Structures are given as structure tokens and as C-alpha cells.
Amino acid sequence: MRLAVLLKTVPDLVEELALDEDARTLLFDEMSYVPSEWDDQALEEALIIKEESGAEVTVIAVDTGDVDTMLFTALAKGADYAVKIVGDFDAAMSNWQKARVVADYLGRGDFDAVLSGVQAIDDVDGQLPGLVAGFLGWPHASVITEVRVAGGSHLQLRQEYAGGLVAELETVTPIVVGVQAARKPPRYASVAKVRQVAKSATIDEVEADVAEARLAGVEYVRPVAAGHAEMIEGDIDEVVDRIVAILEERNLLRRA
Amino acid sequence: MGPILIVLENGAAGVTEATKECVNKAKSLAAQLGTTTVAVGFGKQHVSDLRRLAVTKVVIASGGTMDLYNPDAYEKVLAEIFGNVKPYLTLIANTTMGLDLGAGLAGRTQTPLIAYGIDIEEQDGRLTAISQVFAGKLLARVPIPEDGAIVTVIPGSWPADNEAGDPEIEEWTAQDSEAMRVLRVVEPEQSDIDITKADILVSVGRGIEGPDNLPLAEDLAEALGGVVSCSRPVVDAGWLPKARQVGKSGQTVKPKLYLACGISGAPEHLQGMRDADLIIAINTDESASIMDIAHFGTTADMLELMPALAERLKGG
Ligand SMILES: Cc1cc2nc3c(=O)[nH]c(=O)nc-3n(C[C@H](O)[C@H](O)[C@H](O)COP(=O)(O)OP(=O)(O)OC[C@H]3O[C@@H](n4cnc5c(N)ncnc54)[C@H](O)[C@@H]3O)c2cc1C
């Protein structure tokens, strides 16, 4: 079984998003990026499948900035191959455009299943796995929490719905899966291990042309919150006092 | 201009609130733009409700595997109906089904998609979708292209439409999926603790850092006479059972007190707790989205505050 895992980076929300409030644009070059957390789950699920059934795992990223560390980290965790799709791309590249180049690449290969994060924080123009599947005309399922090889060319998937309801699906390959969570928390690769892999492993580069974006004139603004919490100031004791007082006022304290 | 298409969810529990919300918005936009509304429903379940929707036309896809949600079969029949209706705007609630069908349909039909919509504004006949991105930290204002778009909509964005109508009905025969089969549907496991019935929830998020810190939350919950609930990553990490999860893919709760500890307030989390009577948020980041809906907030370190508060409550 040949698995492809699509990885991408997203702005790091730990830092302030670089917004030009007057121009209502995001300054993509001024932000730092981290791997999208759901992609990390997709990679973990692929590595679990590899351990169970000997699948081969290829990680794929579009070169929108520094994606090498992310790819080397995936190799350090156990992925077999890394592919970087290169071209005239930048950090502002939309998901639609990424999906286009990734779908073209996947369409030329012979992957059995494509796994990627069910969503990412920046996919204003759609989630990558669904778009890729749609472009390829392949079946697709999202919000998946388990992927198992079920003999021959079949896979079994667990799909989650609201309230914890789950369906078990059986599907033929090729298929695209949007992973919500892996069966186990994502593994960790030490910095030393990643560094070592970066010295010995190679990333295959594949050239592609940039596709046309489908949405124009997208503006970004901060939400005007209907309200904001009344902030409780002071040291821990003062905060405790205030919370106790709030609870007392509302009769929420247990009487001894 | 083509009609406005609404993709309905009409499973075992009937037409969902989230899709009735889309019907509501579609109707008002159609009136503003001078176009019609078409809703697509699937299978035989609650068909009588579909026949009474207050839209211009309802297309009912039946046969094949339509009675039970099948991502592949639904996407294919929806793409056919989409090709036939030629809508200007398509609204799909951003549930599991919406996550499947929205992007899949967009890719298949080469139609632009706008995800995580929370509103659509009309001005001089032009529409702008407002969508919630970066975990709710920013809104994107996206002009809907002249040749139309699909918008996936976060549940709760508009009031639900409960009006009765007399739509034209079109039956559509769907094919079986050759690629995908639903083996079984599993109900969530029963739990000894029902967080939807608790008056007080001490809810922990990724800020709890690890299972070793959970006793701090348990202690505080006990001192308050409540129980511990959590955000999704805490369940995914295996630190607490699924039954404790609040949010879109967990439980919807409405306690008297929701103490959110180390929870950022992602839209999927807020969906499950925003109606709590009193929300107090403990989060070192004052700009975290949870602060926008909390009544009170503090930037204290939860790992210090939880034990201090528990001790005070126990000490009287
Ligand atoms: C289809 C789908 C369904 C989903 N369903 C759900 C769902 O049902 N429920 C749900 O919760 N999520 C759900 N999610 C996930 C959701 O998008 C978020 O990823 C998740 O809610 C984030 O959890 P969190 O707030 O605990 O973590 P984070 O977003 O990482 O936030 C942690 C917060 O803790 C704060 N913090 C850190 N340390 C401390 C400290 N010492 N003291 C105080 N504060 C601290 C940080 O400032 C940060 O704001 C779903 C996602 C998808 C795609």
C-alpha cells in the first residue's frame, strides 16, 4: 500500500497575526509558520498503518516557504520519502492553488490513499483533502479518526459525527482521507534526530506551475466581539477572592 | 442569476437546525437578489418535512444508498443535481457532511468555495461572505465571484427557518456508490458521568499540559460540586474519555458555571458551550477567543490558580 501524506505550514497563532488593518491584508511574509496540527495527526495515522501493514509513506509539501524542516521531521518520524513541489509559490498561496498542484502530482503517481489534516486554520477557500479529491474525482471522507487496511485494496475508516456518533466505512482505493485525529497522539522526533536525517536524507523536488486562485479581493479584519470578558486583575490571591465573590453573588457556592 | 441551493441534512433526527439556518438565509438573499431557492434532501427519512419546506423547489435524491449517509454516494449525486440546478450560490452547513461535500463538490465542479462562513452580506446586488478563520482570531471578507460560489456555514450563524411552504418537488434517482459502503453506525459509549446534566463544569484544554495535572482540575471540580469536562485535544491525547468532550464533535452543555481553563475558544469548542449561564475563562493569553464570550476572564496561570481556588473553597 502506498500512502501519500499532505503537509502544510500555517501561521503560528502563538504570535500575533501580522495584519495591516488599514489595507485589510495579511502580511504573509512577516509571520512565522508551524506545521498544521491536523496534518501531524494524518502523518501519525499513516505511520501507524505503516507499522501494522508495511505501507510505504511519502510526505508531500508545496514549497510556500520553509517546508524542509517539516519534511525532514516527518522522515525522522518514519516516513519513507519526502517530496517538495516547487515553483513560483509564496506564503500567500491559497489552498485552491495548492490543491491544484498537489492533485496534478498525485494524478501522475500510483498512490492508494492520500491522508491530510481534516482542516487547517487558514483554509478560507476550502480544505485541502476535499479539494484534491474533487479535482482528481477520487472518493473522499473527512473527520476520520482511524484508517485500517482491510485486506487487498480495501480500507476501513471511522468517521465521526456530532455528539460522538461514529460510522465505519469500507472503501476501495484510491481514496483521499481528511484526518481529524490519529489513533494515538502524534509521535515526537528529537531535534538531534531531525538534524541527523537532514544531513543524510534527500527531499525530491518536483516542478509545477502555479494555478489561478479562484477568490479575489479577500480582506481580513479582526472580529468586533459582541463583548469581552471583564478581566480580573491582581495576583493569584486577589483573583481567587474575586472569583469566590462572583460565585457567591450567584449562589454557586456549596454551603458547607 | 441561478438559484440559491441549500444542501439539507435530513438523517435519523430530521432536518437539522444547521440546515434550517441555511434555508432562512437563502430565502432572504433570494428575495434581495430576485432569484429562487432550491433545497436538496437525501433518502426517505423525514420526507414529509422536506415536502413542507418554505423554498421554491425541493429535489429529493433517493434510491441507492441515500437512506444512510455515505460520503461518496452523496457527493456524486449532489454533483449531478448541482450540474442540473446551476446555482449561483450553494449553502452547506459545516458539519462532518459539510466538510465532506463542500470541498469535494467544489473540486469536482470547479466552483470556488468559501469555508467557515458566518454571514453573507448583500449590497447593490453583490454578495460578500464573512468567514471565520485562524481559530476565530480573524474574519475574512470574501466577495462572492460573479459566477458564484459554494459557502460552508458554521452552525448557529443564523436563526432557523421553521416556516411551512408548498415547494415544487423533484425526485432524483441516485446511484449506489461503487467505492464506499457504510458497515455500521456506532452510538457513543455511555459514561458514568453526563456532563450535559452538570450545573458546574471545570473544563480543561491543552493548557493542562499533561495527565499529571488533571488532579488539579478534579480537586477544583470537587470543591465546586461540579465535574471535569474538556476540549477535544485532551481527548485525542487520551487524557480524558470522549464523554467529557465539549464542542462540535462532543457534547453541547449549558451549565450554570463553565470554568474554561487553558481553552483558546476555537469555533468548534464554542459551539458546545457558548450558552452557559456564566463563563469564567482562565487563559494566559488575553486575546484568546474564549475571552470574547466569557463573562469574566483572568490571565492567571491555571496551574497556579486551580489549586489556589480549590484550597480557598475547601478552607471556607
Ligand atoms: C471537525 C472538527 C471538530 C472539532 N470538534 C471539537 C470539539 O468538539 N471540541 C473541541 O474542543 N474542539 C474541537 N475541534 C478542535 C478545535 O478546532 C481546536 O483545535 C480545539 O478546540 C483547541 O483546544 P484547546 O483550546 O484546548 O487548545 P489550544 O487552542 O491549543 O489552546 C490552549 C490555550 O491554553 C492557554 N494556556 C496554555 N497554558 C496555560 C496556562 N498555564 N494557564 C492558562 N492558560 C494557558 C493558551 O493561551 C491557549 O489559549 C474540532 C475540530 C474539527 C476540525
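Everything below is about the structure printed above this text.
If you're wondering where the values come from, they're calculated on a predicted model, not measured in any experiment.

> A description of the nonpolar core should follow, citing residues and the corresponding values.
With 92 residues, the main nonpolar core has Val-59, Ile-60, Leu-106 and Leu-115 of chain A together with Phe-42 of chain B as its most contacted residues. Per-element accounting of this core gives the leading share, eight residues, to helix 3 (residues 71–85) of chain B. The contact partners of Val-59 of chain A, leaving out residues within four places of it in the chain, are Val-5, Leu-7, Leu-43, Leu-71, Ala-74, Ala-79, Tyr-81, Ala-82 and Val-83 of chain A. By size, the runner-up hydrophobic cluster in this structure holds 51 residues, among which are Val-23, Ile-60, Ile-114 and Val-142 of chain B.

> Can you tell me about the interface of chain B and chain A, naming the residues and giving the values?
With 80 residues of chain B at the interface, the matching set in chain A holds 81 residues. Between chain B and chain A, a total of about 6,900 Å² is buried, with carbon and sulfur atoms accounting for 61% of that surface. Summed over the shared surface of chain B and chain A, the number is seven salt bridges. Among the ionic pairs, Asp-147 of chain B bridges to Arg-214 of chain A, the shortest N-O distance being 3.6 Å. For the pair chain B and chain A, the interface holds 27 residue pairs in polar contact (both at pLDDT 80 or more). Of all the elements, helix 4 (residues 96–109) of chain B adds the most residues to the side of chain B that touches chain A, at eight residues. Class assignment for the residues of the side of chain B that touches chain A results in 41 nonpolar, 16 polar and 23 charged. Bridge analysis of strand 11 (residues 166–172) of chain A against strand 12 (residues 180–186) of chain B gives six bridges, and the strand direction is antiparallel. Paired with Leu-169 of chain A across the two strands is Val-182 of chain B, which belongs to strand 12 of chain B.

> Break down the side chain of Ser-36 of chain A for me, citing the residues and quoting the values.
Residues and elements named next belong to chain A. Take Ser-36: it is sitting in the loop between strand 5 (33–35) and helix 1 (37–53). Classification of Ser-36 as buried rests on a relative accessible area of 1%. Discounting chain neighbours no more than four positions away, the residues touching Ser-36 are Lys-8, Thr-9, Val-10, Gln-119 and Ala-120.

What counts and how
- Residues numbered from 1 in each chain as written.
- Chains lettered and ligands numbered in written order.
- Predicted model: local features only at pLDDT ≥ 70, side-chain atom pairs only at ≥ 80, totals over all residues.
- Heavy atoms only, no water.
- Core = buried A, V, L, I, M, F, W, Y, C linked by side-chain atoms within 4.5 Å.
- Buried < 20%, exposed > 50% of the residue type's maximum accessible area, 1.4 Å probe, protein only.
- Helix = DSSP H or I, 4+ residues; strand = E, 2+ residues; numbered from the N terminus.
- Contact = heavy atoms within 4.5 Å.
- Buried area = accessible area lost by both parts, 1.4 Å probe.
- Salt bridge = Lys/Arg side-chain N within 4 Å of Asp/Glu carboxyl O.
- Polar contact = N/O pair within 3.5 Å; in protein donor to acceptor, adjacent residues only side chain to side chain.
- Nonpolar A, V, L, I, M, F, W, Y, C, P; charged D, E, K, R; others polar.
- Pairing = 2+ DSSP bridges.

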